[in-house]
Amino acid sequence: MQNIEAFKAFLSKPQRVVITTHHKPDADALGSSLALASYLKKKGHQVHVITPTDYPDFLRWMAGNDEVIIYNENQQDHCAALVADATLIFCLDFSSLDRINELGAEVRESKAKKVLIDHHLEPEDFADFVKWTTEAAATAELIYELIYDLGDESLIDKSIAESLYAGIMTDTGSFHHPNTTKNVFRVCGELVGLGADTARVSKLIYDSNSVDRIKFIGFALSERLTVIPELRTAYFVISADDLKKYHSRTGDTEGLVNYALSIEGIIFAAVIIDRTEAIKMSFRSIGDFSVNTFARKHFEGGGHKNAAGGKSDESLEKTVSKFEALLKDYKKELTTTIVEYAD
Ligand code: 5GP
Ligand code: MN
């Protein structure tokens, strides 16, 4: 953060803080928010965490979860009042205000100072204080560094450390992706030193499947996966009925895209899901094929070079046809992308 001294001075007086994060928060989004909330409370600030939507049950173990306010019809007025009354608003793990639905306009209009902490590509310029870099694997990595830079590492307790560790673990795909840098291991090492129990976090996040979810993954793998080896692409198409049949809950489709990407020779993977209110898409790639560009250009989305998402307001069938036609347009990029690893 360039103006960290001004930020520090601002935080030296008690503030009314709102922390918000992106639509359908993942472990990095929620872990960063709850860790920061817990830290700021220790510093004597009044803090509310508002999420634009619900999030998976496998994140509910995080300390502070019970106090999260989910923006919905019942909470709309309450959230609007908190945002309007705030003196400081943190926007974590997203880079443009349209990613937080109706909340975005309220945040934009609020007189509060705004802080953006994020690692997504192409951030919108709306914040007074910015800690942003695509070099970070996770927003949680940046939250750790911010607390450290504010001279408060000693305030990071076991719960804060575990929420942050969860964000880094999941955004690096359990330390599989190329964003797994030396700094990631350094920060995770510090978090373990501060009490994070890594086996406990792994178990809570990855090994808490419902039987329905496991059966849904089996069904998707056997019935809903298309592989096009000549375009090095594999994708799932999931209908609203499929979700209903397996009593799908928020988070149940998370990670599905990775099965497609794990197929030998595949460099581009997608999941196309009919969420009823819209068609939601998840994209992953290996190497230089930028799914951020692909999502931004064709599906009103964005994200990172190798992990992005988007949406479509057309039917599932039309969206899939558009996607399949695009694959042909991208044939050259898809077939010439070289995946290289350092010696
Ligand atoms: P996921 O596929 O796991 O939902 O998202 C992958 C990455 O892309 C995440 O960093 C997420 O924040 C981002 N992302 C997902 N959907 C969208 C979207 O609709 N718009 C933008 N800008 N980013 C998205
Ligand atoms: Mn993230």
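Chains are numbered independently. Their residues run from 1 in the order of the written sequence. Ligands are numbered from 1 and chains lettered from A, in the order in which they are written. Residue-level local features of this predicted model are given only where pLDDT is at least 70; pairs of side-chain atoms are given and counted only at 80 or more, and the full residue set underlies all totals for whole chains, interfaces and linings.

Draft legend 1. Geometry of the overall build of the protein chain. Strands are runs of DSSP state E lasting at least two residues, helices are runs of H or I lasting at least four, and both sets are numbered from the N terminus onward. Helices and strands together make up the secondary structure of the protein chain, namely 14 helices and 12 strands. Over its C-alpha atoms the protein chain spans a radius of gyration of 20 Å, differing by no more than 12% from the 20 Å that the globule rule assigns to 343 residues. C-alpha atoms of the protein chain, sized along the principal axes, occupy 60 × 50 × 40 Å. Every one of the 343 residues in the protein chain was classed for burial, and the buried ones make up 44%. We call two residues in contact if the C-beta atoms placed from their backbones are at most 7 Å apart. By sequence separation, contacts in the protein chain at least 24 residues apart represent 65% of the contacts at least 6 residues apart. Radius of gyration: over C-alpha atoms. The globule rule applied is 2.2 Å multiplied by the number of residues raised to the 0.38 power. With C-beta atoms placed from the backbone, the exposure class of a residue follows from how many other C-beta atoms lie within 10 Å of its own: 20 or more, buried; 12 or fewer, exposed; in between, partly exposed.

Draft legend 2. A look at the sheet that holds strand E9 (residues 268-274). For two strands to be treated as a pair, DSSP must find no fewer than two bridges joining them. Strand order in this open sheet of six strands is E7-E8-E9-E10-E12-E11, and the pairing throughout is mixed. In this open sheet, the two strands that pair with only one neighbour each are strand E7 (225-228) and strand E11 (302-303). Strand direction decides the pairing type here: E7 and strand E8 (residues 233-238), joined by four bridges, are antiparallel. Counted as the bridge partner of Val227 is Ala234 from E8.

Draft legend 3. How the structure looks around the UniProt feature "domain: DHHA1" (unreviewed entry) in the protein chain. UniProt positions are given in the numbering used here, feature names are shortened, and annotations may be inferred rather than shown by experiment. This chain's UniProt record puts "domain: DHHA1" (unreviewed entry) on residues 250-329. Here residues 250-329 is 35% helix and 28% strand, with 33 Å between the C-alpha atoms at its ends.

Draft legend 4. View of the UniProt feature "domain: DDH" (unreviewed entry) in the protein chain. Under the UniProt annotation, the feature "domain: DDH" (unreviewed entry) is placed at residues 16-168. Within residues 16-168, the helical portion is 36% and the strand portion 19%, while the C-alpha atoms at the span's ends are 28 Å from each other.

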